[in-house]
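One-letter residues, chain by chain:
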Amino acid sequence: MTQRALDPSGDEPNRSPMPDGTGRQVKIDAGSERDPVHPAGLPAAARGLTAAEVAERIARGEVNDVPVRSSRSLTEIVRANVFTRFNLIIGVLWVIMLFVAPIQDSLFGFVIIANTGIGIVQEWRAKKTLDSLAVIGEAKPTVRRDGVAAEISTSEIVLGDLVELGPGDKAVVDGTVAEADSLEIDESLLTGEADPVLKRPGDPVMSGSFVVAGGGAFTATKVGREAYAAQLAEEASRFTLVQSELRSGISTILKYVTWMMIPTAIGLVISQLVVKDNNVKDSIARTVGGIVPMIPEGLVLLTSVAFAIGVVRLGRKQCLVQELPAIEGLARVDVVCLDKTGTLTEGGMDVTEVRALNGTDEPYLHRVLGALGSSDPHPNASLQAIIDAYPVPDGQRWDVTQALPFSSARKYSGAAFDEGDGHESAWLLGAPDVLLPEADPALTEIEQLNEQGLRVLLLARVRGELDGPETAAGAVPGALIVLEQRLRPDAGETLAYFADQRVATKVISGDNAVSVGAVAAKLGLPGAEHTLDARKLPTDPDAMATAMEENSVFGRVTPQQKREMVAALQSRGHTVAMTGDGVNDVLALKDADIGVSMGSGSEATRAVAQIVLLNNSFATLPSVVAEGRRVIGNITRVATLFLTKTVYSVLLAVLVVCFQVEYPFLPRHLTLLSTLTIGVPAFFLALAPNKERAHPHFVRRVMRYAIPSGTIAAAATFAMYLIARSHYSGTGALDAETSAATLTLFLVSMWVLAIIARPYTWWRICLVAAMGLAFLIVLVVPWLQDFFALKLVGTTMPWTAVGIAVVASVALEYTWRLVGRRFPV
């Protein structure tokens with residue numbers, strides 16, 4: 001447990017978790033001039049629960065025991081992989097075959113068992129990766145017990161705990177405000193109301209809401225499943241398989257396959273068992289041999305495996321995928337919206353210069369800046385830089401009489417002080433172009449600094465209440481504080497990657513637009529010269545969308561505007577990703593197609609994001625894009641293989657019914673063909689590198705090739721079968737006809753594989769060649785001939801089969817090129 005004791009001096013550092021998920025240790029300052037009370041002497045309500053009270057509540061079961069899971073349980077994984085519609089169909093057919101045919105004709109059942117086992121193992125690996133990453137990235141609320149504040153796991157909170165809150169913290173249980181220091185809470189994720197709510201002692205706090213400004217503490221009144229948002233939070237944090245174009249497309253395909261299978265299978269059963277006067281067991285075997293290949297049983301498996309392996313690969317790079325489709329979704333993104341701070345720049349800043357205005361005494365300015373730093377217990381990055389530059393010497397602290405926390409909406413913070421010698425003063429610290437009138441001459445000087453990529457804050461003296469409506473209007477400039485931002489060394493390469501991939505990048509920041517544009521230009525962002533102050537953005541959604549498409553850098557953006565910008569881009573058909581780490585990014589992250597949060601970001605941003613970069617490196621995003629493209633591109637490839645088999649199996653069954661002939665294959669034949677032309681190659685192709693740009697319309701892209709390919713394969717195979725039937729006669733004729741048809745179907749299927757394996761690399765050529773060699777071995781090794789009932793008789797029909805396959809392959813080549821030109825996606 002990491003302890004962080006109370007610091008009445010206000011010198012508490014930023015409370016965002018460190019990348020490893022731990023907090024910082026801060027000692028109790030019992031000797032502060034601002035608050036000399038030792039924690040042991042705090043009122044009981046402010047000290048929190050005692051260890052004995054916590055133990056008593058745990059014994060009564062009053063613990064926040066909601067299971068927050070990042071993935072499905074082992075039971076759910078097994079159930080999802082075993083109890084499927086097609087496994088049920090194949091299982092029934094397998095049992096039948098075990099009773100009526102040799103074990104060779106039951107091989108398809110063992111293949112399904114192996115596939116299911118692979119699926120379970122891979123998803124279990126992904127689950128363990130996700131669970132371990134979730135523990136690292138888990139937000140740890142700060143709870144005060146026995147007068148000491150400590151970070152604990154969410155599940156360790158008990159009824160009556162005193163939970164501290166700071167900017168970006170999310171309320172994980174329901175409660176009542178006990179302490180409030182200008183505490184503003186955003187409840188929009190629960191109520192839909194965008195405006196933050198000012199909370200005072202006694203006001204309710206709902207789980208799922210988060211702090212946007214100020215700080216305080218609340219007493220937990222409802223924990224576990226009684227908390228308002230417990231069920232919502234549990235459901236939202238699960239590892240989901242929904243809202244994915246790949247998975248929904250495959251489900252659509254499987255639905256149509258099921259409807260095709262039913263009448264075709266019934267017709268095949270009647271044809272083989274009733275119409276044809278054959279051996280019953282042989283007829284059953286051939287009927288099952290016609291039904292089984294209609295099922296693309298390995299397609300769902302390979303999709304799950306590809307996603308699961310993607311999760312494991314990204315996990316090794318400290319990337320937590322909180323929702324599985326996010327891997328696919330980011331690969332489809334065509335606009336990435338970036339928040340400058342924490343994304344293009346590192347969180348820390350350095351004060352490079354303080355320029356006095358209006359003759360203000362510089363040593364006095366340093367004391368004011370030090371006092372402002374010590375007045376805020378939850379400093380942001382800018383104020384932390386001031387704290388580091390101007391620490392307050394012991395015994396020289398000014399008493400804070402009023403404080404105004406920083407707000408993204410206001411763009412400034414402030415504090416009023418009793419300076420100790422009968423003098424009082426009040427100061428604001430924030431954006432110069434917000435605090436100064438438009439005609440102020442200081443803005444010209446500020447503009448020059450902004451053009452250098454420097455960040456400038458204005459220190460201004462005010463009179464009256466800090467939170468008054470006209471406070472900023474009467475502010476008297478005192479000094480300009482110049483801050484230098486630390487650029488991320490890898491940000492430039494990442495921006496170049498997105499530009500190369502034709503993904504538009506929009507930098508959206510609350511800082512001055514010119515300053516943000518200068519930073520973006522240093523990193524080589526295309527269009528960095530096109531900057532726009534968000535205060536001049538049109539409110540009309542269509543006009544805003546036009547402005548968003550024409551410009552690349554936006555400054556002085558409010559949290560609500562970020563949300564509107566995302567919606568405007570989406571209205572033009574763009575798939576939008578939003579990255580951020582601050583509380584002001586939460587609403588936009590939630591509305592974006594893909595939300596990406598930094599691991600050191602606020603608890604609220606990590607809760608709503610689909611992807612969390614635990615290493616806080618923006619440079620990890622290209623890896624996520626590449627992984628998504630690998631999954632989408634490869635699954636599209638292998639889906640074409642599987643559905644080509646489904647199409648030719650259905651058509652062959654229909655032709656057999658129409659021509660009233662025996663089905664040409666036994667299950668063992670199609671098990672062999674499926675393994676060599678689909679199963680083994682598809683596994684390697686599904687996991688291969690693939691940088692192809694992601695395209696929409698998955699079903700259309702797959703079916704436009706699978707339908708003509710399957711039709712050509714079925715026509716060539718059935719034509720060969722009919723020719724062989726007219727050629728062979730007598731005992732063993734059916735086996736000879738089957739062997740000739742099998743050879744034809746294998747060669748045509750191999751050509752489909754050869755087309756799909758393009759562009760060729762050495763390992764792809766070896767893969768295709770290995771599959772051909774394996775089939776040749778079956779044809780020439782006597783015991784394998786007997787095992788698979790494959791024996792080519794004579795030379796006429798085998799060479800005829802080769803000739804028909806060559807013609808079919810030429811037709812395949814022509815058809816694929818024609819389809820590519822006539823039906824582009």
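Residues numbered from 1 in each chain as written. Predicted model: local features only at pLDDT ≥ 70, side-chain atom pairs only at ≥ 80, totals over all residues. Heavy atoms only, no water.

**A word on the overall build of the chain**
On a plain count of helices and strands, the chain comes out with 28 helices and 22 strands. A fraction of 73% describes how many contacts in the chain between residues 6 or more apart in sequence connect residues 24 or more apart. As displayed, the chain offers around 33,500 Å² of accessible surface, 59% of which is attributable to carbon and sulfur atoms. (Helix = DSSP H or I, 4+ residues; strand = E, 2+ residues; numbered from the N terminus. Contact = heavy atoms within 4.5 Å. Areas by Shrake-Rupley, 256 points an atom, 1.4 Å probe, with all protein chains shown as cover.)

**Observations concerning the pairing of strand E21 (residues 594-598)**
Here E21 lies mainly inside the structure; 5 of its 5 residues are buried. Covered by surrounding structure in E21 are Ile594, Val596 and Met598 together with Gly595 and Ser597, the residues of both alternating faces. As defined by bridge partners, strand E20 (residues 576-580) adjoins E21 across 4 bridges and the pair is classed as parallel. Considered in E21, the bridge of Gly580 is made with Ser597. (Buried < 20%, exposed > 50% of the residue type's maximum accessible area, 1.4 Å probe, protein only. Pairing = 2+ DSSP bridges.)

**Thoughts on the pattern of salt bridges**
It is possible for side chains bearing opposite charge to pair when their charged atoms get close. Within this structure, the stated rule accounts for 22 salt bridges. Notably, a salt bridge pairs Glu179 with Arg144, separated by 2.7 Å at the nearest N-O pair. Of this pair, Glu179 sits in strand E5 (residues 174-186) while Arg144 sits in strand E2 (residues 142-145), placing them 35 residues apart in sequence. For Glu179, a relative accessible area of 26% gives the class partly exposed. By relative accessible area, which is 5% here, Arg144 ends up buried. The partner of Arg556 in a salt bridge is Asp433, with the nearest N and O atoms 2.7 Å apart. (Salt bridge = Lys/Arg side-chain N within 4 Å of Asp/Glu carboxyl O.)

**Examining the sheet that holds E21**
Taken in spatial order, the 8 strands line up as E9-E22-E21-E20-E10-E17-E19-E18 in an open sheet, and their pairing is mixed. Sheet topology places strand E9 (319-321) and strand E18 (531-533) at the edges, where each strand pairs with a single neighbour. The mean angle between the axes of side-by-side strands here comes to 20 degrees, regardless of whether they run parallel or antiparallel. By the bridge criterion, 3 bridges tie E18 to strand E19 (residues 553-555) in an arrangement that is parallel. Residue pairing across strands places Thr531 opposite Val553, the latter belonging to E19. In the packing of helix H11 (residues 325-332) onto the sheet, contacts are made with E9, E20, E21 and strand E22 (611-613), and the angle to E21 comes to roughly 105 degrees. (Axes fitted to C-alpha atoms, helices over the stretch in contact; angles between N-to-C directions.)

**Remarks on the packing of helix H22 (residues 621-659) against helix H25 (residues 733-756)**
Axes are the key here: two packed helices are described by the angle between their axes and the distance separating the axes. In contact at an axis separation of 10 Å, H22 and H25 are set at 155 degrees when each is read in the N-to-C sense. Considering the angle they form, H22 stands roughly antiparallel to H25. Relative to H25, H22 is oriented so that their crossing is right-handed. Packed against H22, whose contacting residues are Arg637, Thr640, Leu641, Thr644 and Tyr648, the element H25 presents Leu745, Ser749, Val752, Leu753 and Ile756 at the interface. Counted by class, the contact of H22 with H25 contains 6 nonpolar, 3 polar and 1 charged residues. (Parallel < 35°, antiparallel > 145°, perpendicular 65-115°, else oblique. Left-handed = near helix turned anticlockwise from the far one by under 90°. Nonpolar A, V, L, I, M, F, W, Y, C, P; charged D, E, K, R; others polar.)

**Observations regarding the side chain of Thr640**
Here Thr640 lies in helix H22. Those residues in contact with Thr640 that lie beyond four places of it in its chain are Val702, Tyr705, Ala706, Ile756 and Trp816.

**Some remarks on helix H9 (residues 280-291)**
In this model H9 runs 17 Å from its N-terminal to its C-terminal C-alpha over 12 residues, within 8% of the 16 Å that 1.5 Å per residue would give. Burial within H9 is extensive, with 9 of its 12 residues counted as buried. Those residues of H9 that fall on the buried side of the exposure criterion are Ser283, Ile284, Ala285, Arg286, Thr287, Val288, Gly289, Gly290 and Ile291. (Expected span 1.5 Å × (residues − 1).)

**Concerning the pairing of strand E4 (residues 162-165)**
What you see with E4 is no split at all: Leu162 and Glu164 on one side and Val163 and Leu165 on the other are buried throughout. In this structure, E2 lies alongside E4, joined through 3 bridges in antiparallel fashion. Note on E4: the bridge partner recorded for Thr142 is Glu164. The pairing of E4 with strand E8 (residues 210-222) spans 4 bridges and is antiparallel. Each residue of the ladder has a partner; that of Leu162, found in E8, is Thr219.

**So, the nonpolar core**
Among soluble globular proteins, nonpolar side chains are generally buried collectively. Formed by 98 residues in total, the largest nonpolar core has its most connected members in Phe108, Ile635, Val638, Leu641, Phe698 and Phe775. The residues touching Val638, leaving out its near neighbours within four places in the chain, are Leu302, Ala682, Leu685 and Ala686. In terms of nonpolar packing, the next biggest core, distinct from the first, is built from 36 residues, Val321, Val519, Ile611 and Leu621 among them. (Core = buried A, V, L, I, M, F, W, Y, C linked by side-chain atoms within 4.5 Å.)

**Thoughts on the environment of Gly453**
Assignment of secondary structure puts Gly453 in the loop between helix H15 (442-451) and strand E15 (455-462). Put simply, Gly453 and Ala518 are 65 residues apart on the chain and 4.5 Å apart in space, counted from C-alpha to C-alpha. Those residues within four positions of Gly453 in sequence are excluded, and the remaining contacts are Gln485, Ser515, Ala518, Val519 and Lys522.

**Side note on unusual backbone geometry**
A cis amide bond links Arg758 with the next residue in sequence, Pro759, at an omega value of -5 degrees. Locating Pro759 in the fold gives a position in the loop between H25 and helix H26 (762-780). Despite not being glycine, Asp146 shows a phi value in the positive range, around 55 degrees. Looking at where Asp146 falls in the secondary structure, it is placed in the loop between E2 and strand E3 (148-151). Of note, the phi angle at Ser182 is positive, near 50 degrees, even though the residue is not glycine. Inspection of the secondary structure puts Ser182 in strand E5.

**Describing the packing of helix H10 (residues 297-315) against H22**
For the pair H10 and H22, interaxial distance at closest approach is 10 Å and the crossing angle is 165 degrees. Judged on the interaxial angle alone, H22 and H10 are roughly antiparallel. Relative to H22, the crossing made by H10 is right-handed. Between H10, through Glu297, Gly298, Leu299, Leu302, Thr303, Ala306, Phe307, Ile309, Gly310, Arg313 and Leu314, and H22, the contact on the second element is made entirely by Ser623, Val624, Glu627, Arg630, Val631, Ile635, Val638, Ala639, Phe642 and Lys645.

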